[in-house]
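Structure assessment
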Amino acid sequence: GEDVHDTLRRADVAMYSAKEHHSSYKLYETALDRYSLRRFTVLNDFRKALETEQFVIHYQPVVAIKGEQVRGAEALVRWEHPELGMVPPNDFIPIAEQSGLIGPLTHYVLERAVAECKRWRREGRPLSVSVNLSVRDLLDLDLPGEVASILTAHHLAPEALNLEITESMIMSDPDRALDTVTRLRDLGVGISVDDFGTGYSSLANLKRLPITELKIDRSFISSLPHDESDEIIVGSTINLGHDLQLNVVAEGVEDEITLKRLEKLGCDLAQGYYFGRPLPSQEFVVMVDRLSAQPARAEAS
């Protein structure tokens with residue numbers, strides 16, 4: 001930089017780029033300025049986006065492998081920015097976490113996902129809904145009370161809600177994470193460990209947490225039909241989950257061959273493009289009804 005201000009600005013740009021890519025350091029280059037400008041725009045518009053409901057929730061079905069019946073949905077947030085168009089989560093979730101705005105976003109998603117789940121159930125679809133938490137969410141001591149208030153406001157049974165955490169989140173502060181997760185489980189909600197197998201948690205930490213579900217990362221599922229090592233890892237994870245009295249979900253299922261292999265290994269649930277992409281609630285409901293009708297048609301024929 002030509003002066004102190006410019007040098008610090010460039011250091012700031014490099015720092016946020018390093019955080020985004022989970023690197024220990026990043027050297028500044030002019031190409032990063034485009035990222036910095038976009039980040040500034042996103043951060044500046046974030047609060048307004050919450051107030052004007054620019055965030056939309058899409059839902060991806062979670063399906064029981066035996067019988068292929070839809071059991072629930074994962075809620076995935078999208079941002080319909082009036083100028084930038086559809087902003088993907090990877091572009092705004094890290095910014096929300098770093099700026100401390102992730103809490104209001106999580107509340108927004110929880111509120112709408114719980115309301116939609118109640119509507120599905122009222123219309124005769126006994127589904128559950130899963131919502132992802134961030135590191136900051138998990139360390140927020142007020143989160144259990146907030147979740148309880150949202151469930152009460154919408155008259156939704158706690159067992160209809162699953163909250164997803166990751167192994168890396170657990171490791172950021174194991175004792176505090178244990179406290180928050182325990183209080184959430186005391187409410188009756190389910191706790192899923194997402195992307196299982198890609199983090200660094202020990203089995204000792206896993207044993208301490210009152211979780212209800214393991215989600216096997218898609219990186220192990222995508223090559224399952226032709227990679228013996230991945231099949232061994234997936235099979236062992238399923239057995240581990242069942243030994244701990246947990247449900248096991250396979251993420252990233254994209255074809256029937258993979259689904260049949262998972263069924264043979266004893267996996268409980270699956271989600272992925274084979275069943276459907278994430279969709280807005282109205283389109284999701286149509287997809288659920290179609291998927292639910294398929295086995296009945298097969299039996300009738």
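Data block above holds the structure.
Owing to the predicted nature of the structure, the values given are computational and were not obtained by experimental measurement. (Residues numbered from 1 in each chain as written. Predicted model: local features only at pLDDT ≥ 70, side-chain atom pairs only at ≥ 80, totals over all residues. Heavy atoms only, no water.)

Focus: the layout of surface pockets
Roughly 1500 Å³ of volume is contained in the largest pocket. Pro89, Asn90, Ile93, Glu97 and Asp195 are the residues nearest the centre of the largest pocket, which is lined by 41 residues in total. Among the residues forming the lining of the largest pocket, the class breakdown is 16 nonpolar, twelve polar and 13 charged. Roughly 240 Å³ of internal volume is contained in the second largest pocket. (1 Å grid on protein atoms, 1.4 Å probe; cavity = no way out; pocket = protein on both sides within 12 Å on 5 of 7 lines; lining within 4 Å. Points joined across faces, edges and corners; volume = space filled by probe spheres on them. Nonpolar A, V, L, I, M, F, W, Y, C, P; charged D, E, K, R; others polar.)

Section: the packing of aromatic side chains
In this description, a pair of aromatic rings is defined by centroid distance and the angle of the planes. By the definition in use, this model includes ten aromatic pairs. Seen in terms of ring centroids, Tyr59 and Trp120 are 5.0 Å apart; in terms of plane orientation they differ by 80°. Their pairing is edge-to-face. A residue pair is termed long-range when its members are at least 10 positions apart, and Tyr59 in strand 1 (residues 55-64) and Trp120 in helix 4 (residues 102-122) qualify at 61 residues. No difference in accessibility class separates Tyr59 from Trp120, as the two residues are buried. (Phe/Tyr/Trp six-rings, centres within 6.5 Å; stacked < 30°, edge-to-face > 60°. Helix = DSSP H or I, 4+ residues; strand = E, 2+ residues; numbered from the N terminus. Buried < 20%, exposed > 50% of the residue type's maximum accessible area, 1.4 Å probe, protein only.)

Quick word on helix 6 (residues 143-154)
Compared with an ideal rise of 1.5 Å per residue, which puts twelve residues at 16 Å, helix 6 spans 17 Å between its outermost C-alpha atoms and is within 8% of the ideal. Listing the buried residues of helix 6 in full gives Leu143, Pro144, Val147, Ile150 and Leu151. Buried residues of helix 6, seen end-on, are gathered within an arc of 130° and therefore sit on one face of the element. Among the exposed residues of helix 6, those pointing more than 90 degrees away from its buried face are Thr152 and Ala153. The elements touched by buried residues of helix 6 are helix 4, helix 5 (135-138), strand 5 (161-166) and helix 8 (174-187). Directly after helix 6, the chain includes His155, whose backbone phi takes a positive value near 55°. (Expected span 1.5 Å × (residues − 1). Arc of directions from axis to C-beta. Contact = heavy atoms within 4.5 Å.)

As far as function goes, none of this settles anything; it's purely spatial.
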